[in-house]
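Overview (structure and organization)
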Amino acid sequence: MQTKSWVAAAIVAICATSAGAQTAGDWVLGNYQGAGYWFPGVVESIGKGQVTVQYDDGDRETVALNAVRPYDWMIGMRVECNFQGQGEWYPGTISSLGGETIGIAYDDGDTETTRTGRCRSR
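Okay, so let's go over this structure. (Residues numbered from 1 in each chain as written. Predicted model: local features only at pLDDT ≥ 70, side-chain atom pairs only at ≥ 80, totals over all residues. Heavy atoms only, no water.)

1. Thoughts on the sheet that holds strand β2 (residues 38–47)
Our working definition: DSSP-based pairing: two strands are paired if at least 2 bridges between them are found. Segments assigned H or I by DSSP are reported as helices when at least four residues long, segments assigned E as strands when at least two residues long, and all are numbered from the N terminus. Note on geometry: axes are lines fitted to C-alpha atoms, helical ones only across the stretch in contact, with angles between N-to-C directions running from 0 to 180 degrees.
Reading across the sheet, the 5 strands line up as β4-β3-β2-β1-β5 and stay open at both edges, with antiparallel pairing between neighbours. Edge positions in the open sheet fall to β4 (60–64) and β5 (68–70), since each of these has one partner strand only. Strand-to-strand twist in this sheet, taken as the mean axis angle between neighbours without regard to direction, amounts to 45 degrees. Relative to β2, strand β1 (residues 27–31) is paired through 5 bridges, and the arrangement is antiparallel. Looking across to β2, one finds that Trp-27 is bridged to Val-42.

2. Concerning the state of the cysteines
Put plainly, a disulfide is one covalent bond tying together the sulfur atoms of two cysteines. Definition in use: In this description, a disulfide is simply a cysteine sulfur pair whose atoms lie within 2.5 Å.
Throughout the structure, instances matching the rule amount to 1 disulfide. Linked covalently through their sulfurs, Cys-81 and Cys-119 form a disulfide whose S-S length is 2.1 Å. Taking the sign of the S-S torsion, 105 degrees for the link of Cys-81 and Cys-119, the bridge is right-handed. Here the residue Cys-81 occupies a position in strand β6 (residues 78–82), and Cys-119 occupies one in strand β10 (residues 119–120), the gap between them amounting to 38 residues.

3. Section: unusual backbone geometry
A positive phi is found at Gln-33, a non-glycine position, where the angle reads about 55 degrees. Mapping Gln-33 onto the fold places it in the loop between β1 and β2. Phi at Lys-48 takes a positive value of approximately 55 degrees, unusual for a residue other than glycine. With respect to the helices and strands, the residue Lys-48 is situated in the loop between β2 and β3 (50–55).

4. Let's talk about the sheet that holds strand β8 (residues 101–106)
Overall, antiparallel pairing links the 5 strands, which are arranged β9-β8-β7-β6-β10 in an open sheet. Each of the sheet's edge strands pairs with one partner strand only, and the pair in question is β9 (111–115) and β10. Sheet analysis places β6 next to β10, joined by 2 bridges and oriented antiparallel. Bridge pairing links Glu-80 to Arg-120 in β10.

5. Here's the deal with the packing of aromatic side chains
Put simply, the test is: Planes of paired rings set the category: under 30 degrees apart is stacked, over 60 is edge-to-face and the rest tilted, where pairs are Phe, Tyr or Trp rings (Trp by its six-membered ring) whose centres lie within 6.5 Å. Only Lys NZ and Arg CZ are tested; either one counts as a charge over a ring when it is within 6 Å of the ring centre and within 35 degrees of the ring normal.
Scanning all chains against the criterion turns up 7 aromatic pairs. Relative to Tyr-71, the ring of Trp-27 lies with its centre 4.1 Å away and its plane at 5 degrees, an arrangement referred to as stacked. Of the two residues, Trp-27 sits in strand β1 while Tyr-71 sits in the loop between β5 and β6, which places them 44 residues apart along the sequence. Pairing Tyr-32 with Tyr-55 gives two aromatic rings, centres 5.3 Å apart and planes at 85 degrees, and the pair type is edge-to-face. With Tyr-32 in the loop between β1 and β2 and Tyr-55 in strand β3, this residue pair connects regions lying 23 residues apart in the sequence. Through pairs of rings, three or more aromatic residues link up here, namely Tyr-32, Phe-39, Tyr-55 and Trp-89. Across from the ring centre of Trp-38, 4.3 Å away, lies the NZ or CZ of Arg-69, which sits over that ring. The aromatic ring of Trp-89 is capped on one face by Arg-120, whose charged end is 4.1 Å from the ring centroid.

Any functional reading would require information that these geometric values do not contain.
Written as structure tokens, this is what we have:
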């Protein structure tokens, strides 16, 4: 019984580390400039242990494969967004998703429909 749980844990760990980006065109979350915030973007290329991400806000970065993870945002998830693009980040919950359009219910009661490129997660 103990062996089965160890094997299952190993399989999950292998899949989690290799599932961040498989091919160009995959939508991922990238740890932009290693700052600890995860931003949505699309893989442009993968090679030699690195991935180039074109972020939804227009920035581009080439990073190690472990600096990206699968895009996992969903309704009800906590994020921070740049309210009305004014430069201040506020916490809230995703209320709707459709491609690069995201609805946010901010903790202070405001709501907004914006682009995914104005949001980040931890």
